[in-house]
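Listed below are the residues making up each chain.
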Amino acid sequence: MKIAIGADHAGYELKTQLKSWLEAQVDSLKDLGTDSEESVDYPDFAHAVAGEVEKGNFDLGILICGSGLGVDMTANKHAGIRSALCWNKEIGKLAKSHNNANVVCLPGRFISVETAKEILDTFFKTTFEGGRHNRRIDKISC
Ligand code: RB5
């Protein structure tokens, strides 16, 4: 699995804490920034990650901001993106099994690194159920 990851200043710490663990889980990990805790605008990083996933250059995007909301809203503006804000492993499982999300957003100011790893590990190990969920995700775009 090829993953692109991005964060704003509020997600930088969690992104940094996750990187070596993620590198051991996946085939490749591309970090699209930000690279410090200096204040930045979350859409710049969310568009970068979502755009790369939308173009097919990566299988999954991971985005982190303070609440997870801003990056999630931004990623979901991309027609080819199904972005899911996940704050526990149960939501992470549903994001894959029911929604076949291709971007996972994490709230860096509200979850621990252990919870973030649980969410991502569950997401990676879950398969999309298809069937009725295919019909539903086909109705999302407008
Ligand atoms: C940054 O202060 C914060 O607004 C941002 O990380 C995010 O939570 C926005 O949705």
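See above for the structure.
Residues numbered from 1 in each chain as written. Predicted model: local features only at pLDDT ≥ 70, side-chain atom pairs only at ≥ 80, totals over all residues. Heavy atoms only, no water.

Student: What exactly am I supposed to notice about helix α1 (residues 12–25) here?
Tutor: For an α-helix, 3.6 residues make a turn, and residues three or four places apart therefore share a direction. For α1, built from 14 residues, the straight-helix expectation of 20 Å at 1.5 Å per residue is met to within 8% by its first-to-last C-alpha distance of 20 Å. Where α1 bends most, at Lys 19, the angle is about 45°. Every buried residue of α1 is listed here: Leu 14, Lys 15, Leu 18, Trp 21 and Leu 22. Of the surrounding elements, those touching the buried residues of α1 are β1 (2–7), β2 (28–31), β3 (60–65), β5 (103–107) and α5 (113–125). (Helix = DSSP H or I, 4+ residues; strand = E, 2+ residues; numbered from the N terminus. Expected span 1.5 Å × (residues − 1). Bend = angle between axes of the 7 residues up to and from the residue. Buried < 20%, exposed > 50% of the residue type's maximum accessible area, 1.4 Å probe, protein only. Contact = heavy atoms within 4.5 Å.)

Student: Would you take a moment to explain the packing of aromatic side chains for this structure?
Tutor: Any two aromatic rings considered together are summarised by their centre-to-centre distance and by the angle between their planes. Tallied over the full model, the rule gives 0 aromatic pairs. Over the aromatic face of Phe 58 sits the side chain of Lys 2, whose NZ or CZ is 5.4 Å from the ring centroid. (Phe/Tyr/Trp six-rings, centres within 6.5 Å; stacked < 30°, edge-to-face > 60°. Lys NZ or Arg CZ within 6 Å of the ring centre and 35° of its normal.)

Student: Can you walk me through the sheet that holds β2 in this structure?
Tutor: Pairing between the strands of a sheet is mediated by backbone hydrogen bonds and can be parallel or antiparallel. Reading across the sheet, the 5 strands line up as β2-β1-β3-β5-β4 and stay open at both edges, with parallel pairing between neighbours. The strands lining the two open edges of the sheet, one partner per strand, are β2 and β4 (83–85). Geometrically, the sheet is characterised by an average inter-axis angle of 20° between neighbouring strands, direction not taken into account. Bridge count between β1 and β3: 5 bridges; the pairing is parallel. In the strand pairing of β3, Ile 3 is matched with Leu 60. (Pairing = 2+ DSSP bridges. Axes fitted to C-alpha atoms, helices over the stretch in contact; angles between N-to-C directions.)

Student: Whenever I open this one, the side chain of Asp 8 confuses me. Can you help?
Tutor: Mapped onto the fold, Asp 8 is located in the loop between β1 and α1. Here Ala 10 takes part through its backbone nitrogen, which lies 2.9 Å from a polar atom of the side chain of Asp 8. In contact with Asp 8, other than residues within four places in its own chain, are Thr 34, Val 40, Tyr 42, Ile 64, Cys 65 and Gly 66. (Polar contact = N/O pair within 3.5 Å; in protein donor to acceptor, adjacent residues only side chain to side chain.)

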